[in-house]
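# Understanding the architecture of this molecule
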Amino acid sequence: MRKLFVLCLIVLFTSCKDKDDSSTPEPDYAPEFAGNYSTTTVVGNETTIQDWVITNTDKNTLAIDYTKSIRVSTSGTTLTAVQIRKLKDVKVTAADSFTINEVVDVEQTTPGTLTQKLEGTALKVTNGTGMPQLNITIKFTNAGGGAPVEEYLEFKQK
């Protein structure tokens, strides 16, 4: 009987014990990134407009519809190409950053298929005009081979 009483006391004390404060749930920062962002770069005769439509899909997880419109002007002719990348598993790592590490099939207006791995960490900052923007050095690696290409981009919120 004494053993049963001691056992009941142990169960009672362990069930009434306060929860550890260090086990507070991680906050969800993903909604802070949702929105439309854009950047335009000009290198020589090539103009590239890149748009991100960022949506919150889960706790600290984002989806990015990434459209890249490329326009090349040469000898009075303008050639255009559009590439669309649908990123579905972008991880928010802090209140002001998220990481892209995903392989995607690129939809494009030019012939052929393209699969790329995109990698980079975006940092959310407030620019000189007081508007939020996402700064990222993003690396594109083609699955078919070739050297990876890195670009530093500043996406301003629309």
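Relevant structure appears above.
Residues numbered from 1 in each chain as written. Predicted model: local features only at pLDDT ≥ 70, side-chain atom pairs only at ≥ 80, totals over all residues. Heavy atoms only, no water.

## Observations concerning a negative patch on the surface
A contiguous patch of negative charge on the surface is contributed by Glu26, Asp28, Glu32 and Asp58. In this fold, Asp58 is placed in strand β2 (residues 46–58). (Patch = residues over 30% accessible without salt bridge, like charges linked within 9 Å, V, L, I, M, F, W, Y side chains within 5 Å. Areas by Shrake-Rupley, 256 points an atom, 1.4 Å probe, with all protein chains shown as cover. Salt bridge = Lys/Arg side-chain N within 4 Å of Asp/Glu carboxyl O. Lys, Arg positive; Asp, Glu negative; His and termini not counted. Charge placed at Lys NZ, Arg CZ, Asp CG, Glu CD. Helix = DSSP H or I, 4+ residues; strand = E, 2+ residues; numbered from the N terminus.)

## Overview of the pattern of salt bridges
Within this structure, the stated rule accounts for seven salt bridges. The residue Glu151 makes a salt bridge to Lys68 at a minimum N-O spacing of 3.2 Å. With Glu151 in strand β8 (residues 149–157) and Lys68 in strand β3 (residues 61–74), this residue pair connects regions lying 83 residues apart in the sequence. Each of Lys117, Glu119 and Lys139 takes part in a single network of salt bridges with overlapping partners.

## What about the nonpolar core?
Ranked by internal contacts, the top residues of the largest apolar core, which has 24 residues, are Trp52, Ile54, Ile64, Tyr66, Phe98 and Ile100. For this core, the elements supplying multiple residues, two or more each, are β2, β3, β4 (77–94), β5 (97–108), β6 (114–126), β7 (132–142) and β8. Beyond its immediate sequence surroundings of up to four residues, Ile64 is in contact with Trp52, Val53, Ile54, Arg85, Lys86, Leu87, Val90, Phe98 and Ile100. (Core = buried A, V, L, I, M, F, W, Y, C linked by side-chain atoms within 4.5 Å. Buried < 20%, exposed > 50% of the residue type's maximum accessible area, 1.4 Å probe, protein only. Contact = heavy atoms within 4.5 Å.)

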